[in-house]
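# Observations on the three-dimensional arrangement
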Number of protein chains: 2
Amino acid sequence: MEARHLRYALALAEHQHFGRAAASLGIAQPPLSTQIAALEREIGERLFDRTARGVFPTAAGEAFLVRARGALTEMSRARVDAGRAARGETGRLRLGFIGSALLDPLPGVIGRFRRTHPDVRLTLQELECPSAALLAGELDVAVGRGSPRGAGAEDLVTVPIGADHLIAVVSTAHPFAGRPSVGIGQLAQEPLVVSADAASTYLRPLFNPDPTVLDTAAIARDIHTIAGLAACCAGVGLGPNRMRMIARKDIWFCDVEPRFRLPDLRMSVRVTDSSPVLAAFLSVVRQNCADVGARLDDLLARHPAAAGR
Amino acid sequence: MEARHLRYALALAEHQHFGRAAASLGIAQPPLSTQIAALEREIGERLFDRTARGVFPTAAGEAFLVRARGALTEMSRARVDAGRAARGETGRLRLGFIGSALLDPLPGVIGRFRRTHPDVRLTLQELECPSAALLAGELDVAVGRGSPRGAGAEDLVTVPIGADHLIAVVSTAHPFAGRPSVGIGQLAQEPLVVSADAASTYLRPLFNPDPTVLDTAAIARDIHTIAGLAACCAGVGLGPNRMRMIARKDIWFCDVEPRFRLPDLRMSVRVTDSSPVLAAFLSVVRQNCADVGARLDDLLARHPAAAGR
DNA sequence: TTGCTTTACGTCCAGCGTAAACATG
DNA sequence: CATGTTTACGCTGGACGTAAAGCAA
């Protein structure tokens with residue numbers, strides 16, 4: 001049984017007339033007759049009653065036609081669904097990110113992606129180390145800080161998706177409140193509140209030649225906790241400029257002088273991942289984050305394993 | 001797109017290898033390759049990734065395969081459903097009957113039919129005049145008494161499906177209680193309870209030469225009411241022998257001497273009705289009611305309009 | 001007779017098989 | 001080089017068209 005037989009049977013049922021049905025199919029009457037006969041022979045039952053007043057489906061024919069319609073519908077859906085999947089309009093994307101990414105680039109990117117790709121199942125997960133989950137195959141996109149390390153890292157491409165610099169946050173009751181900026185020297189006199197990796201790595205050069213002040217800093221898991229501890233007058237919080245998005249009335253933000261650049265927020269994906277959903281997501285990222293497109297294309301072109309793209 | 005393309009794509013996805021998939025399909029490798037290529041060209045998307053480690057569906061391919069499976073399932077169901085419908089295993093049968101038919105032939109027939117044809121939607125309806133509803137096209141089978149009249153009656157075939165004779169029913173407090181039989185002469189002395197058509201037609205010869213005793217009889221719509229009125233000592237109920245199936249403790253049944261045969265219970269169907277469900281039902285009736293088969297065959301053979309059977 | 005379906009038969013395309021060429025690790 | 005896929009090409013089955021033959025009203 002071929003799809004042709006189904007189409008012919010449906011046309012015949014619709015027109016109730018071999019001649020008109022054949023015309024609607026763009027073929028002559030006799031072939032239609034032989035094809036219907038062949039179908040009936042294969043099914044083993046008469047599907048149509050040929051009467052003087054027209055051609056009508058038998059009980060078997062009625063039952064057959066219902067399924068025939070279903071089968072042809074599935075076939076047209078197969079075509080449509082394949083196209084949608086190829087364009088990344090359906091499917092699944094697992095995105096892992098560090099919490100602070102939710103403040104700046106992610107809301108715009110994710111919001112736009114959800115609007116333009118409403119039928120993609122988007123899994124969002126806040127993680128301490130998204131790139132590890134990406135390497136483990138639990139994610140499709142990781143947004144974190146620094147470059148991924150570990151086995152398989154050579155199969156990842158990583159692009160910066162947003163630069164940022166250090167600012168300070170204090171309670172409105174703190175002497176710094178109301179000041180647009182503070183100097184690094186002043187900071188070194190204060191008890192500090194920073195994130196764990198900031199304390200251990202990228203903030204240390206800031207306090208050269210004596211980075212030991214960081215060893216006594218309070219440690220917070222995310223920037224909301226930094227702001228909260230600062231609000232408690234537990235110390236001066238240090239974090240990225242995008243922390244200003246936090247709208248608490250009991251805190252005050254100061255620029256840090258001189259401006260100190262923080263490690264870029266970076267997005268990683270597997271180069272071996274040829275998922276159209278990922279491609280669609282990257283395309284949205286390109287539109288939202290300046291300069292990402294060219295860097296991404298460059299990296300992908302250079303990468304030896306980027307065959308399937 | 002033809003069903004062949006779906007079968008080939010599914011085989012390829014299953015075996016992840018052109019050669020083995022082709023072998024499983026009973027064709028050589030190159031035709032499979034060309035057919036898959038043709039399918040991909042028609043869909044407009046690559047459906048399979050050909051890698052060194054095997055052939056794997058792309059995202060578009062995955063989406064396509066889901067629908068392809070669905071379409072082929074529908075096609076095999078089309079075949080199965082057509083066969084089942086042709087054998088009368090599915091479909092609908094509307095049966096109308098007079099209440100008293102529920103006592104004798106219908107329980108056996110309907111019970112057997114439901115067991116052997118559980119997927120047929122059987123509509124059962126108690127009616128005063130089932131044959132009228134059959135003529136009106138509201139029924140497929142009518143079980144009633146006497147022969148159908150009216151426009152279109154020549155397109156019906158009617159066979160007797162059970163003979164019966166008259167018995168009397170009285171209260172256990174009635175003088176007749178305990179007697180195996182009563183004579184017709186004794187009945188004429190008593191107040192009677194009969195059905196409407198019995199009073200007006202087929203019971204009148206019983207009381208010749210003076211059928212006027214029936215004019216004062218109480219009229220009941222069904223045999224349960226006859227028995228109930230008899231139980232109230234409202235009179236002597238007259239009805240068919242199958243009335244003995246009624247299991248009330250406050251009534252007593254007597255044969256009527258001499259035995260008086262009642263009009264046969266008859267089953268009517270439209271000769272123009274070629275529904276397989278009806279054929280299956282008639283086949284059950286044949287098995288349950290002796291002699292019906294031969295009579296039915298005879299009537300159908302003689303009928304000029306019985307072409308489609 | 002008329003209108004419609006089926007049968008008969010010739011034609012041509014398309015799907016298949018064989019053989020060779022081409023990619024890829 | 002070995003394995004597997006694609007391209008090339010001849011062949012054949014079957015789907016189509018035309019013409020003629022049933023068939024029912």
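What counts, and where the lines are drawn
Residues numbered from 1 in each chain as written. Chains lettered and ligands numbered in written order. Predicted model: local features only at pLDDT ≥ 70, side-chain atom pairs only at ≥ 80, totals over all residues. Heavy atoms only, no water. UniProt positions renumbered as here; feature names shortened; annotations may be inferred. Helix = DSSP H or I, 4+ residues; strand = E, 2+ residues; numbered from the N terminus. Buried < 20%, exposed > 50% of the residue type's maximum accessible area, 1.4 Å probe, protein only. Contact = heavy atoms within 4.5 Å. Areas by Shrake-Rupley, 256 points an atom, 1.4 Å probe, with all protein chains shown as cover. Lys, Arg positive; Asp, Glu negative; His and termini not counted. Charge placed at Lys NZ, Arg CZ, Asp CG, Glu CD. Expected span 1.5 Å × (residues − 1). Arc of directions from axis to C-beta. Near = heavy atom within 4 Å. Polar contact = N/O pair within 3.5 Å; in protein donor to acceptor, adjacent residues only side chain to side chain. Nonpolar A, V, L, I, M, F, W, Y, C, P; charged D, E, K, R; others polar. Pairing = 2+ DSSP bridges. Domains from an automatic or database assignment. Buried area = accessible area lost by both parts, 1.4 Å probe. Salt bridge = Lys/Arg side-chain N within 4 Å of Asp/Glu carboxyl O. Core = buried A, V, L, I, M, F, W, Y, C linked by side-chain atoms within 4.5 Å. Axes fitted to C-alpha atoms, helices over the stretch in contact; angles between N-to-C directions. Parallel < 35°, antiparallel > 145°, perpendicular 65-115°, else oblique. Left-handed = near helix turned anticlockwise from the far one by under 90°. Least-squares fit on C-alpha atoms with pLDDT ≥ 70 in both.

If you look chain A up in an unreviewed UniProt entry, it shows as LysR family transcriptional regulator from Kibdelosporangium phytohabitans. Recorded in UniProt under Sequence similarities (unreviewed entry), the annotation for chain A is "Belongs to the LysR transcriptional regulatory family."

A count of helical and extended segments in chain A gives 11 helices and 12 strands. Each principal axis of the C-alpha atoms in chain A carries an extent, and together these give about 105 × 45 × 30 Å. Expressed as a percentage of its 309 residues, the buried residues of chain A come to 48%. A fraction of 71% describes how many contacts in chain A between residues 6 or more apart in sequence connect residues 24 or more apart. Of the roughly 14600 Å² of accessible surface on chain A, a fraction of 51% belongs to carbon and sulfur atoms. Put simply, chain A has 36 plus and 32 minus side-chain charges, and the middle of one group is 6 Å from the middle of the other.

What follows deals with helix 3 (residues 29-43) of chain B. Between its terminal C-alpha atoms helix 3 of chain B stretches 21 Å, which fits the 21 Å expected from 15 residues at 1.5 Å a residue. Those residues of helix 3 of chain B that fall on the buried side of the exposure criterion are Leu32, Ile36, Leu39, Glu40 and Ile43 of chain B. The buried side chains of helix 3 of chain B occupy one side of the element, clustering within an arc of 95° when seen end-on. Away from its buried face by more than 90 degrees, helix 3 of chain B exposes Pro30 and Arg41 of chain B. Next to the buried residues of helix 3 of chain B lie helix 4 (59-86) of chain A together with helix 1 (3-15), helix 2 (18-25), strand 1 (48-51) and helix 4 (59-86) of chain B. At the C-terminal side of helix 3 of chain B, glycine 44 of chain B shows a positive phi close to 90°.

Close to DNA strand D lie 17 residues; Tyr8 and Ala28 of chain A together with Gln29, Ser33 and Arg50 of chain B are nearest. With respect to DNA strand D, the backbone of phenylalanine 18 of chain B contributes an N or O atom lying 3.1 Å from a phosphate oxygen. Within the residue set of the surface near DNA strand D, elements represented by two or more residues are helix 1 (3-15) and helix 3 (29-43) of chain A together with helix 2 and helix 3 of chain B. Of the residues belonging to the surface near DNA strand D, the class tally is 9 nonpolar, 6 polar and 2 charged.

Now for the pairing of strand 2 (residues 54-57) of chain B. Residues and elements named next belong to chain B. Looking at chain direction, strand 1 and strand 2 are connected through 4 bridges and run antiparallel. Of the residues in strand 2, the one forming a bridge with aspartate 49 is phenylalanine 56. Hairpin connection between strand 1 and strand 2: a loop of 2 residues separates the two successive antiparallel strands.

Okay, the pairing of strand 5 (residues 141-145) of chain B next. If a strand is regular, its side chains alternate between the two faces of the sheet. Residue and element names in this part refer to chain B. Among the 5 residues in strand 5, 4 count as buried, and that is most of the element. In this sheet, strand 5 lies alongside strand 3 (residues 91-97) in parallel orientation, the contact comprising 3 bridges. Paired with glycine 96 across the bridge in strand 5 is alanine 142. Here strand 5 pairs with strand 12 (residues 261-270) via 5 bridges, running antiparallel. Bridging across to strand 12, arginine 145 finds its partner in leucine 265.

Here we take up the domain arrangement of chain A. Taken domain by domain, chain A consists of domain 1 (3-84), domain 2 (91-162 + 264-306) and domain 3 (166-257). Computed over C-alpha atoms only, the centres of domain 1 of chain A and domain 2 of chain A are separated by 49 Å.

As recorded in UniProt, the feature "domain: HTH lysR-type" (unreviewed entry) lies at residues 1-58 of chain A. Along residues 1-58 of chain A, the helical share is 62% and the strand share 14%, with 19 Å between the first and last C-alpha atoms.

Okay, the protein's contact with DNA strand C next. As a matter of local geometry, DNA strand C sits amid 17 residues, with Gln29, Ser33 and Arg50 of chain A together with Tyr8 and Ala28 of chain B nearest to it. Those atoms of DNA strand C that come within 4 Å of the protein belong to sugar or phosphate at a rate of 76%. In this structure, arginine 4 of chain B approaches DNA strand C through a side-chain N or O atom, which is 3.1 Å from a phosphate oxygen. Here a phosphate oxygen of DNA strand C sits 2.4 Å away from a polar atom, N or O, in the side chain of tyrosine 8 of chain B. Mapped by element, the contributors of at least two residues to the surface near DNA strand C are helix 2 (18-25) and helix 3 of chain A together with helix 1 and helix 3 of chain B.

The subject of this paragraph is the interface of chain B and chain A. On the side of chain A, 30 residues touch chain B, which itself brings 31 residues to the contact. Buried area between chain B and chain A, summed over both chains or domains, comes out near 2600 Å², and the portion from carbon and sulfur atoms is 61%. Of all residues in chain B, the largest losses of buried area upon contact with chain A belong to Arg67, Met75 and Arg79 of chain B, amounting jointly to 24% of the total for that side. Our enumeration of links across chain B and chain A arrives at 8 salt bridges. Where arginine 7 of chain A meets glutamate 2 of chain B, a salt bridge forms, and the shortest distance between an N and an O atom there is 2.5 Å. Elements represented by at least two residues in the side of chain B that touches chain A include exactly helix 1, helix 3 and helix 4 of chain B. Taken together, the residues that form the side of chain B that touches chain A break down as 17 nonpolar, 3 polar and 11 charged.

Here we take up the nonpolar core. Phe48 and Phe64 of chain A together with Phe64 of chain B are the most contacted members of the largest nonpolar core, which totals 56 residues. Residue assignment for this core shows that the elements contributing at least two residues are helix 1, helix 2, helix 3 and helix 4 of chain A together with helix 1, helix 2, helix 3 and helix 4 of chain B. What phenylalanine 64 of chain B contacts, discounting residues up to four positions off in sequence, is Ala78, Arg79 and Ala82 of chain A together with Met1, Leu6, Ala9, Leu39, Ile43 and Leu47 of chain B.

Attention now goes to the packing of helix 1 of chain A against helix 2 of chain A. Residue and element names in this part refer to chain A. Relative to each other, helix 1 and helix 2 sit at 130°, their axes nearing to 8 Å. Accordingly, the angle class assigned to the pair helix 1 and helix 2 is oblique. Of the two elements, helix 1 crosses helix 2, and the hand of that crossing is right-handed. In contact with Arg7, Tyr8, Ala11, Leu12 and His15 of helix 1, helix 2 contributes Phe18, Arg20, Ala21, Ser24 and Leu25. For the contact of helix 1 with helix 2, the class distribution of residues is 6 nonpolar, 2 polar and 2 charged.

In screw terms, the move from chain B to chain A is a rotation of 180° and a rise of 0.1 Å along the axis, fitting with an RMSD of 0.1 Å. What we have between these two chains is a two-fold relation. Identified as the residue of chain B closest to the rotation axis by C-alpha distance is alanine 71 of chain B, at 2.1 Å. Looking at the interface residues of chain B, 97% of them are also at the interface in chain A, so both copies use one shared face.

The full count for this structure, using the stated rule, is 38 salt bridges over all chains. Via salt bridges that share partners, Arg67 of chain A together with Glu74, Arg77 and Asp81 of chain B belong to a single interconnected network.

Residue and element names in this part refer to chain B. Viewed as axis vectors pointing N to C, helix 5 (residues 105-116) and helix 10 (residues 276-288) meet at an angle of 130°, and their least axial separation amounts to 9 Å. The orientation of helix 5 with respect to helix 10, classified from their angle, is oblique. Here the hand of the crossing between helix 5 and helix 10 comes out right-handed. Judged by residue contacts, Gly108, Val109, Arg112, Phe113 and Thr116 of helix 5 engage Val277, Ala280, Phe281, Val284, Val285, Gln287 and Asn288 from helix 10. Counted by class, the contact of helix 5 with helix 10 contains 7 nonpolar, 4 polar and 1 charged residues.

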